[in-house]
Amino acid sequence: MEKMNQLKQGAWLAAVSGGADSMAMLDLCRRSGVRLHVAHVNYHKRESAMRDQRLCEEYCSRYAIPLHCLYAQNRPADNFQAEARRERYAFFAALCSEHSLSGVIVAHQQDDVLETYVMQKQRGSIPQHYGLQAETVLHGVRVIRPLLDQPRAALREYCETNGISFGDDESNASDDYQRNRVRHHVIEPMTASQRQALLQQIEVDNAQLAARRSQAERFLHTWQRDIAALQRADDPGWILQQWILAECQIPISAGRQQELLRQLNSTRPQWRLKLNEEWQLNREYGTLSVDRIEPCGYAYAFDSVDALIGFSSPYFRFAHSGRIVEGITLHEDDFPIRVRNAQDGDVIQLRIGHKKVHRWFIDRHIPLAQRKSWPVVENAHKAVIFVPQIGCDIAHFSAKPTIFMLQ
C-alpha cells in the first residue's frame, strides 16, 4: 500500500488491540519496513482481554518489536468511551515523546469510515469531516490511518491467509452500542455497489464541508469579534463553530451552535458559558472572546499596617501614595484585615448610602474577567470597608489615608 511506503520516513507507534484489523496493520507495517514501537491498552473489560494482550506479546517477541502495555485504570466516568480515549491518547503521547516517535498509527478501516458517517447523519451532527480522516491530530498526538481503503473482511482474510493470529472482541457481536447496531443492520447487509455509492456520497459531503470552511475562514480573517457582524453573516452558527475550534480546539455540535446563537440574541450584556472543563465563551457587551477557566479565589491576611507596606500580589499592591479613591484609613480594631476577591452579596457603606459592589461593577461596565479577581478589604468584624475605585466606607475615610491600595 502506498501509505505504508510513506510511513518509512521516521519511526511510529502502532496502536494494536489484538483484533484482525490491528494485527493486519502491524504485519503490513513490519513487512513494509516501517520502524515501529507497539502500544497495547488492556481495559480488563472482557474475559478475552489477556488473550489479546498475549497475541500482541507473542507477535512483538517473534519480530523483536518494542511493546508497551498500559493497564487502564477504568476510573468511574459518565462516558466510559470518552474517558478511555483520553487515557489511551495520553499513553500514546507519552510514548511518542519518550521514544521520539513521529505519531501513532491506528487500524481504522473502510467499514469504520462508513459506520462513522452513518452515525454522524443519524445524530444530525455537522463535523469537521465526515467519516474518518487519513491523518489528523487527536489530544495532541499525530494520528495516521493507513487502512481506510481496506474493508474489514479483506483485513480478516489477510490474517487468515498469512497465518497472523488475532482475537475477536465478543462485545462486537451485541447490539448494545450504536456503532454495533449500525454495523450489523446497515453496513454489513450492503452490496459492493451500495458501499461504493455511500463512499462517493461521503466525498461529496466533505467537499461541501470544505467550501463552508473556506467561506468561514474568509469571514474570520477580518472579523473583530463583533457580535452584530457575526449575526449578520451567512451561516453564523457554522462560523462560530469554526472560530471556537480554531481558538481552543473544541468541536461544537449543531445543537450547541443553536444554543450559543440564542444566547447571543439575549439582552444580557455580559455572560460566560462553559465550553468544557477548561474553556469558556465570554460576552463583553458587543464582543466575544474565549479564555481558559482559571480559579482566581484568593485571600490575604494582615495583622498590622506595617505588614501592608511593600506587599504586592497579582491583583493589588499597597503604596504610600495614590488617588483619594485608592486610600483608606485603618484603625487598630480593624485588624486583622483580610483582602480577598469580590463575592456576590458584598456591600459597602458609603456617604451616599449602601452600595452593592456587584451593582457598581455593572454601572462602571467592568468586564466579567476583571470582576472575578477584583479585591475588597474586609476588617476583623467581617465588614467590607474598602473597594478600589469605589473607595472606603464612611468610618474609614479621612483626608490623610493610612495606606493606598493600587491595582
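### A short note on the sheet that holds strand β5 (residues 135–138)
- Spatial ordering of the open sheet is given by β3-β2-β1-β4-β6-β5, a layout of six strands whose pairing is mixed. Two strands close off the open sheet at either side, each with one partner strand: β3 (67–71) and β5.
- In terms of strand pairing, β5 meets strand β6 (residues 141–144) through four bridges, oriented antiparallel. Note that in β6 the partner of Thr-136 across the bridge is Val-143.
- Each of β1 (11–15), β2 (35–42) and β4 (104–105) touches helix α2 (residues 20–31); the most contacted strand, β2, lies at about 165° to it.

### Observations concerning the packing of helix α8 (residues 192–222) against helix α10 (residues 236–248)
- Two elements in contact, α8 and α10, have axes whose closest approach is 9 Å; the angle formed by their N-to-C orientations is 75°. In terms of their interaxial angle, α8 and α10 are classed as roughly perpendicular. When α8 is examined against α10, the residues Leu-209, Arg-212, Arg-213, Ala-216, Phe-219 and Leu-220 are found in contact with a partner set consisting of Trp-238, Ile-239, Gln-242 and Trp-243.
- Taken together, the residues of the contact of α8 with α10 sort by class into seven nonpolar, one polar and two charged.

### Points about the pattern of salt bridges
- Tallied over the entire structure, the rule returns 23 salt bridges.
- The salt bridge partner of Glu-115 is Arg-179, with a shortest N-O separation of 3.2 Å. Here the residue Glu-115 occupies a position in helix α5 (residues 110–123), and Arg-179 occupies one in helix α7 (residues 178–187), the gap between them amounting to 64 residues.
- You can call Glu-115 buried: its relative accessible area is 0%.
- Relative accessible area serves as the criterion here: at 27%, Arg-179 is assigned to the partly exposed category.
- In this structure, the salt-bridge partner of Arg-212 is Asp-235, at a minimum N-O distance of 2.8 Å. Residue Arg-212 is found in helix α8, and its partner Asp-235 is found in the loop between α9 (227–232) and α10; the two are separated by 23 residues along the sequence.
- Overall, Arg-212 belongs to the partly exposed group, its relative accessible area being 24%.
- Taken together, the shared-partner salt bridges connect Asp-111, Asp-112, Glu-115, Arg-152, Arg-179, Arg-183 and Arg-195 into one network.

### With respect to the packing of α2 against helix α6 (residues 152–162)
- Put simply, α2 and α6 touch, their axes get as near as 9 Å, and they point 65° apart. In the crossing of α2 with α6, the sense of the turn from one axis to the other is left-handed. Together, Ala-20, Asp-21, Met-23, Ala-24, Asp-27, Leu-28 and Arg-31 of α2 and Arg-152, Leu-155, Arg-156, Tyr-158, Cys-159 and Asn-162 of α6 make up the contact between the two elements.
- For the contact of α2 with α6, the class distribution of residues is seven nonpolar, one polar and five charged.

Rules used in this analysis
- Residues numbered from 1 in each chain as written.
- Predicted model: local features only at pLDDT ≥ 70, side-chain atom pairs only at ≥ 80, totals over all residues.
- Heavy atoms only, no water.
- Pairing = 2+ DSSP bridges.
- Helix = DSSP H or I, 4+ residues; strand = E, 2+ residues; numbered from the N terminus.
- Contact = heavy atoms within 4.5 Å.
- Axes fitted to C-alpha atoms, helices over the stretch in contact; angles between N-to-C directions.
- Parallel < 35°, antiparallel > 145°, perpendicular 65-115°, else oblique.
- Nonpolar A, V, L, I, M, F, W, Y, C, P; charged D, E, K, R; others polar.
- Salt bridge = Lys/Arg side-chain N within 4 Å of Asp/Glu carboxyl O.
- Buried < 20%, exposed > 50% of the residue type's maximum accessible area, 1.4 Å probe, protein only.
- Left-handed = near helix turned anticlockwise from the far one by under 90°.

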